[in-house]
Amino acid sequence: MTTPTSPASTADIDIHRLTALADVMLPAAHGMPAVSDVKAVESYLPQVLGWRKDLHQPLVRAVDALDPSLFTIDRLSALHEEDEDAYVALTTAVAACYYLSPVVRELIGYPGQVAKTYDPFAYTEWVAEGLLDPVVDRGPIWRETPG
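The structure presented is a predicted model; accordingly, all values stated were derived computationally and were not measured.

*Asks:* Tell me about the nonpolar core, and please be specific about residues and values.
*Replies:* Residues Ile 13, Leu 18, Leu 45, Leu 59 and Leu 90 are the most contacted members of the largest nonpolar core, which totals 32 residues. Going through the elements one at a time, helix H1 (15-25), helix H2 (40-51), helix H3 (56-65), helix H4 (75-82) and helix H5 (84-100) are the ones with two or more residues in this core. Ranked by residues supplied to this core, first place goes to H5 with eight residues. Residues contacting Leu 59, with those up to four places away along its chain left out, are Ile 13, Leu 18, Leu 45, Leu 49, Ala 89, Leu 90 and Ala 93.

*Asks:* So what's going on with a nonpolar patch on the surface? Which residues, and what values?
*Replies:* A cluster of nonpolar side chains, namely Tyr 99, Val 103, Leu 107, Ile 108 and Tyr 110, defines an oily patch on the protein surface of about 470 Å² accessible area. Relative to the elements of secondary structure, Ile 108 occurs in the loop between helix H6 (102-107) and helix H7 (125-128).

*Asks:* Would you mind going over the pattern of salt bridges in detail, with residue names and values included?
*Replies:* Under the definition given, this model contains three salt bridges. Salt-bridge contacts for Asp 54 lead to Arg 52; the nearest nitrogen and oxygen are separated by 2.7 Å. The salt bridge involving Arg 75 is made with Glu 82; its shortest N-O contact spans 3.2 Å. Assessed through its relative accessible area of 25%, Arg 75 is described here as partly exposed. Given a relative accessible area of 54%, Glu 82 falls into the exposed group.

Analysis parameters
- Residues numbered from 1 in each chain as written.
- Predicted model: local features only at pLDDT ≥ 70, side-chain atom pairs only at ≥ 80, totals over all residues.
- Heavy atoms only, no water.
- Core = buried A, V, L, I, M, F, W, Y, C linked by side-chain atoms within 4.5 Å.
- Buried < 20%, exposed > 50% of the residue type's maximum accessible area, 1.4 Å probe, protein only.
- Helix = DSSP H or I, 4+ residues; strand = E, 2+ residues; numbered from the N terminus.
- Contact = heavy atoms within 4.5 Å.
- Patch = residues over 30% accessible without salt bridge, like charges linked within 9 Å, V, L, I, M, F, W, Y side chains within 5 Å.
- Areas by Shrake-Rupley, 256 points an atom, 1.4 Å probe, with all protein chains shown as cover.
- Salt bridge = Lys/Arg side-chain N within 4 Å of Asp/Glu carboxyl O.

So, to be careful, I would describe these as geometric facts and stop short of saying anything about function.
Spelled out as structure tokens, the structure:
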């Protein structure tokens, strides 16, 4: 379960520039919208950076280093070589923003986290067949920690 966090400031990130980069990374294709079509970056970047504060500064470097008018997907490999942290921040933030979009989640059939009930007395078939018997017969094994 994730704990609520405050949205992070994105004042030092050029959202339009990042969105243009993101559209190259995740363009509209195969029935899926582009990042800009669902306003993923502007809607969810503060939330993503609130969860992952460590991405903020490398993301600023990535956005500043890449020119959207010249950017191609091949440029990601060069960014990875030049500044791995910036590459990780860019790809992580873009993907996270995109998949937080309710439109995208609906299109891929992801309902979000769903609570599942568990009945500890309901045994699966492989337990009934005795597949765990060797483990049970062996008994508990562990090492006591010092102190």
